[in-house]
Amino acid sequence: MTASHRVWNFSAGPAALPLSVLERVRAELTDWRGSGMSVMEMSHRGNDFMAIQAKAMGDLRRLLAVPDHYRIVFLQGGGIGEAAIVPLNLTAGRRHADYVNTGHWSTRAIDEARRFCEVGIAASAEDRGFTYVPAQATWRVARDAAYVHVCTNETLGGVEYAAWPDPAALPADVPIVADMSSHMLSRAVDVARFGVIYAGAQKNIGPAGLTLVIVRDDLLDRARDDCPSVFSYAKQAAADSMLNTPPTFAIYVAGLVFEWLEAQGGIAGIERANIAKASLLYATIDCGFYRNDVAPANRSRMNVPFFLPDSRLDDDFLAGAKARGLVQLKGHRVAGGMRASIYNAMPLAGVQALVDYLNQFAREHG
Ligand code: PMP
């Protein structure tokens, strides 16, 4: 396999990984650094895997500048799992939680949380078809809320918080919980603003099966008694995320992605690249033929939905794209249209190839 055989994969997730990471995985697949076995075959409690996990956690902590009073835990269950795991971990003694609804994934989190606690809607962007992030000044957050939940990048709608929410403008002791599944590690984040950050790995981090959670120490004693042990932030933090068998291979690959990120200049370097990629793509979409409905300030750098002027052109568009090796551009079944996900691993050359095709298609059909 060489780079020339690979397509430009715009999937929303599981998504493209850096080619150099995949090549390293292949080189180490059957004999990890002289161990005589694959990482897949190792005991999670053996020295080799423990070192792999400790390095991955340490690298993640450095990349994101995670403060000392936060724990990193590696869980399973993905984003939808976290939608339940969050209330189980944070609602001991407080029955109510508030949610900012910015679209599909916020709504999924709200629906799941309703099974575990009383849910309030702090703000909703439904009035304008979930095309913007409601200003924090308009949020109504109860003083006794266990937390306020936000989805800082809506993968389906392509809506991203331009500025991180500010805990100082919320009632005291109401932590912010953020689903960052689809833009984790794509831009600098002030972790100290959040009580909990979580992300499924399969978009910007590594293979599906691993969920990253970053949780502030003082929130570790708020879990309900019925929270399953493997989903307990406190118990998993105390057990170095090895209370049960962790998704070992996914953690290993995520660790390689963290090393790759360091080599891209860390988060600052990848954020610069992401801005360049998103600017190029949105500039092309704004040329007149295509349409993106998201408020410009809240356009996602990671997930770029767009529509053709007539949906009867969609099949032609997708077929032409596929012929050029541009794949997974069909929009989410709920949204229709197209969506290009341009996560960290998508190089500028891939976005340029898409832009060239967008321009050609517009010339031919405009
Ligand atoms: N939150 C967001 C922002 C997502 O994009 C997704 C998956 N597309 C989820 C949650 C659900 O993730 P999972 O399928 O891992 O449960």
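We now turn to the structure provided with this report. (Residues numbered from 1 in each chain as written. Predicted model: local features only at pLDDT ≥ 70, side-chain atom pairs only at ≥ 80, totals over all residues. Heavy atoms only, no water.)

**A closer look at the site of the ligand**
Taken together, the residues surrounding the ligand are Gly 78, Gly 79, Ile 80, Trp 105, Cys 151, Asn 153, Thr 155, Asp 179, Ser 181, Ser 182, Gln 202 and Lys 203. A distance of 3.1 Å separates an oxygen atom of the ligand from a polar atom in the backbone of Gly 79. Within the contact set of the ligand, an oxygen atom lies 2.4 Å away from a side-chain nitrogen or oxygen of Thr 155. For the shell around the ligand, the element with the most residues is helix α3 (residues 78-90), which contributes three residues. Taken together, the residues of the shell around the ligand sort by class into three nonpolar, seven polar and two charged. (Near = heavy atom within 4 Å. Polar contact = N/O pair within 3.5 Å; in protein donor to acceptor, adjacent residues only side chain to side chain. Helix = DSSP H or I, 4+ residues; strand = E, 2+ residues; numbered from the N terminus. Nonpolar A, V, L, I, M, F, W, Y, C, P; charged D, E, K, R; others polar.)

**So, the pattern of salt bridges**
Applying the stated criterion across every chain, the model contains 21 salt bridges. A salt bridge links Glu 118 to Arg 95, with the nearest nitrogen and oxygen atoms 3.2 Å apart. Taken together, the residues span a long stretch of sequence, with Glu 118 in strand β4 (residues 118-124) and Arg 95 in the loop between α3 and β3 (96-101) at a distance of 23 residues. Residue Glu 118 is classed as partly exposed on the basis of its relative accessible area of 41%. The exposure class of Arg 95 is exposed, given its relative accessible area of 63%. (Salt bridge = Lys/Arg side-chain N within 4 Å of Asp/Glu carboxyl O. Buried < 20%, exposed > 50% of the residue type's maximum accessible area, 1.4 Å probe, protein only.)

**Topic: the packing of aromatic side chains**
Summed over the entire model, instances satisfying the criterion amount to 11 aromatic pairs. Consider the rings of Tyr 290 and Phe 317, whose centres lie 6.3 Å apart with planes at 70°: the pair is edge-to-face. Taken together, the positions of Tyr 290 in the loop between α7 (266-285) and β11 (303-306) and Phe 317 in helix α8 (residues 314-323) put the pair 27 residues apart, joining distant regions of the chain. An angle of 85° between the planes, with centres 5.1 Å apart, marks the rings of Phe 317 and Phe 361 as edge-to-face. Taken together, the positions of Phe 317 in helix α8 and Phe 361 in helix α9 (residues 348-365) put the pair 44 residues apart, joining distant regions of the chain. (Phe/Tyr/Trp six-rings, centres within 6.5 Å; stacked < 30°, edge-to-face > 60°.)

**Thoughts on the nonpolar core**
Grouped together as the largest cluster of nonpolar side chains are 60 residues, with contacts concentrated most on Met 184 and Leu 185. With 10 residues, the single largest contributor to this core is helix α6 (residues 248-263). Each residue touching Leu 185, except ones within four places of it in the same chain, is listed here: Leu 60, Leu 63, Leu 64, Asn 204, Ile 205, Phe 258, Leu 261, Ile 267, Ile 270 and Asn 344. Listed in part, the 28 residues of the second largest apolar core include Leu 281, Leu 329, Met 338 and Val 355. (Core = buried A, V, L, I, M, F, W, Y, C linked by side-chain atoms within 4.5 Å. Contact = heavy atoms within 4.5 Å.)

**Some words on the layout of surface pockets**
To find leftover empty space, one rolls a probe the size of a water molecule over the atoms. The computed volume of the largest pocket comes to approximately 400 Å³. In terms of lining residues, the largest pocket is bounded by 21 residues, among which Trp 8, Leu 19, Ala 345, Met 346 and Pro 347 are the most central. When contributions to the lining of the largest pocket are tallied by element, the ones reaching two or more residues are β1 (8-9) and α7. Among the elements that line the lining of the largest pocket, the one with the most residues is α7, at five residues. A breakdown of the residues in the lining of the largest pocket according to their chemical character gives 15 nonpolar, four polar and two charged. (1 Å grid on protein atoms, 1.4 Å probe; cavity = no way out; pocket = protein on both sides within 12 Å on 5 of 7 lines; lining within 4 Å. Points joined across faces, edges and corners; volume = space filled by probe spheres on them.)

**A short note on empty space enclosed by the protein**
Throughout the structure, instances matching the rule amount to two cavities of 30 Å³ or more. The calculated volume of the largest cavity comes to roughly 60 Å³. Lining the largest cavity, in full, are Ala 16, Leu 17, Pro 18, Lys 203, Asn 204, Ile 205, Val 257, Trp 260, Leu 261, Asn 344 and Ala 345. Residue composition of the lining of the largest cavity, by class: eight nonpolar, two polar and one charged. Looking at the second largest cavity, its volume works out to about 40 Å³. Taken together, Asn 9, Ser 11, Ala 15, Ala 16, Ser 341, Tyr 343, Ala 345 and Met 346 make up the full set of residues lining the second largest cavity. Per-class residue counts for the lining of the second largest cavity are five nonpolar, three polar and no charged.

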